Amino acid sequence: MPHAPIDPQSIDQAAALIRAGKLCAFATETVYGLGADATSSDAVLAIYETKGRPRFNPLICHCADMDMARTYARFSELAEKIAARFWPGPLTLVLPLVPGAGLSDIVTAGLETVALRIPGHADARALIAEVGVPVAAPSANPSGKLSPTTAEHVRKAFGGRVPVLDGGPCESGLESTILSLEGDTVTQLRAGVLPRSDVEAFLGLALQVADHEAAITAPGMLKSHYAPNAALRLNADSPRPGEAYLAFGAEPHGTTGPTLNLSPDGDLHEAARNLFSYLARLDAEGANGIAVAPIPHHGLGEAINDRLDRAAAPRS
Ligand code: TXA
Ligand code: MG
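Every chain is numbered independently, its residues counted from 1 as its sequence is written. Following the order in which they are written, the chains are lettered starting with A and the ligands numbered starting with 1. Local features in a predicted model are, by the rule used here, given only for residues with pLDDT of at least 70; side-chain atom pairs are given and counted only at 80 or more, and totals for whole chains, interfaces and linings are based on all residues. Side-chain calculation: all heavy atoms of the structure are included, whereas hydrogens and water are not.

*Asks:* Quick question: what am I supposed to make of the overall build of the protein here?
*Replies:* Scanning the protein from terminus to terminus reveals 9 helices and 14 strands. Against the 2.2 N^0.38 benchmark of 20 Å for 316 residues, the protein shows a C-alpha radius of gyration of 19 Å, consistent with a compact globule. In terms of overall dimensions, the protein has C-alpha extents of about 60 × 55 × 35 Å along its principal axes. Contacts were defined at the residue level, with two residues in contact if any of their heavy atoms lie within 4.5 Å. In the protein, the share of contacts with a sequence separation of at least 24, taken over all contacts with a separation of at least 6, comes to 66%. Put simply, the protein shows about 13,600 Å² of open surface, and 50% of that area lies on carbon and sulfur atoms. Asp and Glu are treated as the negative residues and Lys and Arg as the positive ones, with His and the ends of the chain left uncounted. Charge positions come from single atoms, namely NZ of Lys, CZ of Arg, CG of Asp or CD of Glu. Of the side-chain charges in the protein, 25 are positive and 35 negative, and the distance between the mean point of each set is 4 Å. Secondary structure elements are defined from DSSP: runs of H or I of at least 4 residues count as helices, runs of E of at least 2 residues count as strands, and each element is numbered from the N terminus. To get the radius of gyration, use the C-alpha atoms; to get the globule rule, take the number of residues to the power 0.38 and multiply by 2.2 Å. Here the open area of atoms and residues is found with the Shrake-Rupley method and a 1.4 Å probe, where only the protein chains shown may cover a residue.

*Asks:* Got a minute to help me understand the environment of Pro258 in this structure?
*Replies:* Note on placement: Pro258 falls in the loop between strand 12 (243-247) and strand 13 (259-261). In sequence terms Pro258 and Ala287 are 29 residues apart; their C-alpha atoms lie 8.4 Å from each other. In this view, Pro258 contacts Ala244, Tyr245, Leu282 and Glu285; residues no more than four positions away in its chain are not counted.

*Asks:* Looking at this structure, how should I read the sheet that holds strand 10 (residues 208-209)?
*Replies:* Note on sheets: strands pair through backbone hydrogen bonds, and any given pair is parallel or antiparallel. A sheet is described by the order of its strands in space; here 10 strands give the open sequence 7-1-2-6-3-5-4-8-9-10, paired in mixed fashion. Strands with a single pairing partner mark the edges of an open sheet, and in this sheet they are strand 7 (164-165) and strand 10. When DSSP finds at least two bridges between two strands, those strands are taken to pair. Note that strand 1 (residues 24-26) and strand 2 (residues 33-37) share 3 bridges and pair antiparallel. What sits directly across from Cys24, in strand 2, is Gly35. Note on geometry: axes are lines fitted to C-alpha atoms, helical ones only across the stretch in contact, with angles between N-to-C directions running from 0 to 180 degrees. Along the sheet, helix 2 (residues 41-51) makes contact with strand 2 and strand 6 (135-136), crossing strand 2 at roughly 155°.

*Asks:* Would you mind showing me how to read the state of the cysteines here?
*Replies:* Think of a disulfide as a covalent bridge from one cysteine sulfur atom to another cysteine sulfur atom. Note on terminology: pairs of cysteine sulfur atoms within 2.5 Å are recorded as disulfides. The tally for this structure, following the rule as stated, stands at 0 disulfides. Of all cysteine sulfurs, the one in Cys63 lies closest to Cys61, which takes part in no disulfide; the gap is 7.0 Å. Exposed residues in this analysis have more than 50% of their type's maximum accessible area, buried residues have under 20%, and partly exposed residues fall in between, with area computed by a 1.4 Å probe over protein chains only. Owing to a relative accessible area of 0%, Cys61 belongs among the buried residues under this scheme. Not part of a disulfide, Cys170 finds its nearest cysteine sulfur in Cys24, a span of 14 Å.

*Asks:* When you look at the pairing of strand 12 in this model, what are you seeing that I'm missing?
*Replies:* Moving residue by residue along a regular strand, the side chains alternate between the two faces of the sheet. With 5 of its 5 residues buried, strand 12 lies for the most part within the structure. Judged by which residues are buried, strand 12 turns out to be covered on both faces: Glu243, Tyr245 and Ala247 on one side and Ala244 and Leu246 on the other are all buried. Here strand 12 runs beside strand 14 (residues 289-292); their pairing, made up of 4 bridges, is parallel. Within the sheet, the bridge partner assigned to Ala244 lies in strand 14 and is Ile290. Where strand 12 meets strand 13, 3 bridges bridge the pair, whose relative direction is parallel.

*Asks:* Would you explain the packing of aromatic side chains in this entry?
*Replies:* To describe a pair of aromatic rings, you give the distance between the ring centres and the angle between the ring planes. Each pair of aromatic rings taken from Phe, Tyr and Trp, with Trp reduced to its six-membered ring, is defined by centres within 6.5 Å and is described as stacked if the planes are under 30 degrees apart, edge-to-face if over 60, and tilted in the remaining cases. Under the criterion given, the structure shown has 2 aromatic pairs. Taking the centre distance of 5.4 Å and the plane angle of 85° together, the rings of Phe86 and Phe202 count as edge-to-face. Of this pair, Phe86 sits in helix 4 (residues 77-86) while Phe202 sits in helix 7 (residues 196-203), and the two are 116 residues apart along the sequence. The side chain of Lys81 reaches across the aromatic face of Phe202, ending 5.6 Å from its centre. Taking NZ or CZ as reference, Arg85 lies 5.9 Å from the ring centre of Phe202, over its face. Here, over-ring charges are defined by two tests on the NZ atom of lysine or the CZ atom of arginine: distance to the ring centre within 6 Å, and angle to the ring normal within 35 degrees.

*Asks:* Would you mind showing me how to read the layout of surface pockets here?
*Replies:* To find leftover empty space, one rolls a probe the size of a water molecule over the atoms. Cavities and pockets were defined on a 1 Å grid built from protein atoms only: a cavity is a group of points that admits a 1.4 Å probe but offers it no way out, a pocket is an open group of points flanked by protein on both sides within 12 Å along at least five of seven lines, and a lining residue is one with an atom within 4 Å of any such point. Grid points are joined across faces, edges and corners, and a volume is the space filled by probe spheres set on the points. Here the second largest pocket defines a volume of roughly 420 Å³. Leu146, His153, Ala157, Ala280 and Asp283 are, among the 18 residues lining the second largest pocket, the residues nearest its centre. Those elements giving two or more residues to the lining of the second largest pocket turn out to be helix 6 (151-157) and helix 8 (268-284). Tallying contributions element by element places helix 8 first for the lining of the second largest pocket, with 6 residues. All residues other than Ala, Val, Leu, Ile, Met, Phe, Trp, Tyr, Cys, Pro, Asp, Glu, Lys and Arg, Gly among them, are scored as polar; the first ten of these are nonpolar and the last four charged. Classifying every residue of the lining of the second largest pocket gives 9 nonpolar, 5 polar and 4 charged. For every domain, the bounds stem from an assignment made automatically or drawn from a database. Counting contributing residues per domain, the lining of the second largest pocket is built from domain 1 (11-209) and domain 2 (231-312), each supplying no fewer than three.

*Asks:* Would you take a moment to explain the domain arrangement of the protein for this structure?
*Replies:* When the parts come together, some accessible area is lost, and that loss is often what is quoted as the size of the interface. When cut into domains, the protein gives domain 1 (11-209) and domain 2 (231-312). Placing the centre of domain 1 and that of domain 2 at their C-alpha centroids yields a distance of 27 Å. Counting residues at the interface gives 20 residues for domain 1 and 13 residues for domain 2. For any pair of parts, buried area is found by adding up, for both, the accessible area (1.4 Å probe) each one loses once the two are put together. Between domain 1 and domain 2 lies a buried interface of about 1,300 Å² when both sides are counted; carbon and sulfur atoms form 61% of it. A pairing counts as a salt bridge when a side-chain nitrogen of Lys or Arg comes within 4 Å of a carboxyl oxygen of Asp or Glu. Along the contact surface separating domain 1 from domain 2 lie 2 salt bridges. Notably, a salt bridge pairs Glu302 with Arg196, separated by 3.3 Å at the nearest N-O pair. Counted as a polar contact is a pair of N or O atoms within 3.5 Å, where, for protein atoms, one must be capable of donating a hydrogen and the other of accepting one, and residues adjacent in sequence contribute only when both atoms are in side chains. The tally of links from domain 1 across to domain 2 stands at 5 residue pairs in polar contact (both at pLDDT 80 or more). Looking at the side of domain 1 that touches domain 2 residue by residue, the class counts come to 7 nonpolar, 9 polar and 4 charged.

This is the structure we're talking about:
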């Protein structure tokens, strides 16, 4: 058993690790990312190995600013417009790759497109700027498990084998929304923190929504994903005996088992922020099942319900 790595105490130290081809987890406004130099195939391979992630799933490359983003992807007028409005922020754009710009072809899984994001967390942008090239970072959890929203989640998930730059608890607590742009067509590949309705209102058009059953172009689209150990029962108005309960809004009377409330006031932002960490906490109670209250589908509710559906899906 290799001994635990020493966590970096500053952005400089974390950047030095990544520049040296090592992994380092860091906070973004969505979830913690498991970061590596996106131009180094060896570094990117270490992400796949550490996560136990199927090789065919490409990774998001995080950029510090538009100059860096434009070096690696071609921005149409529409892409520029969307980026100007929503970056930095919880949005990932899948765009045509600039060939020969230097990204590892493992990070794009050999596709002619690349998924880019400029994160909203200022420390994350400072880290990437210090690294000087895009930082590949999937969520910092073993493949298929709950996404981490604190440094402590990352340490636990990997048994202390991954250094973590502690950037505090994540503000949003759910992954970014992923849009792919082809010509004038905008398709939502993954629901996320940025509500589809916000993008539609800004563009004045309806987005296409990728079919979950269609060919997997995003692993966040795998049916069973984000899974706790306990079985989930969704849209439950109250827990059954022996179940833990994940409430939202007003709580049913007389629940006796472990209960956490995503948002007593029924606030979807608060619920998104708490979702993965509360599932992890209830899971840690060792309940066989977790009953989950109904969550409204509007706004951020689309992404919350998407994650819950996957967490509840039959495991393969
Ligand atoms: O909030 C987030 O997006 C977090 C934080 C760390 O930034 N990152 C994250 O990355 O969730 P990851 O690797 O777990 O999810 C990347 C998603 C996957 O669903 C992947 O299939 C999709 O992006 N993706 C990457 N490149 C793609 C491409 N060229 N075409 C289509 N989908 C792509
Ligand atoms: Mg993930």
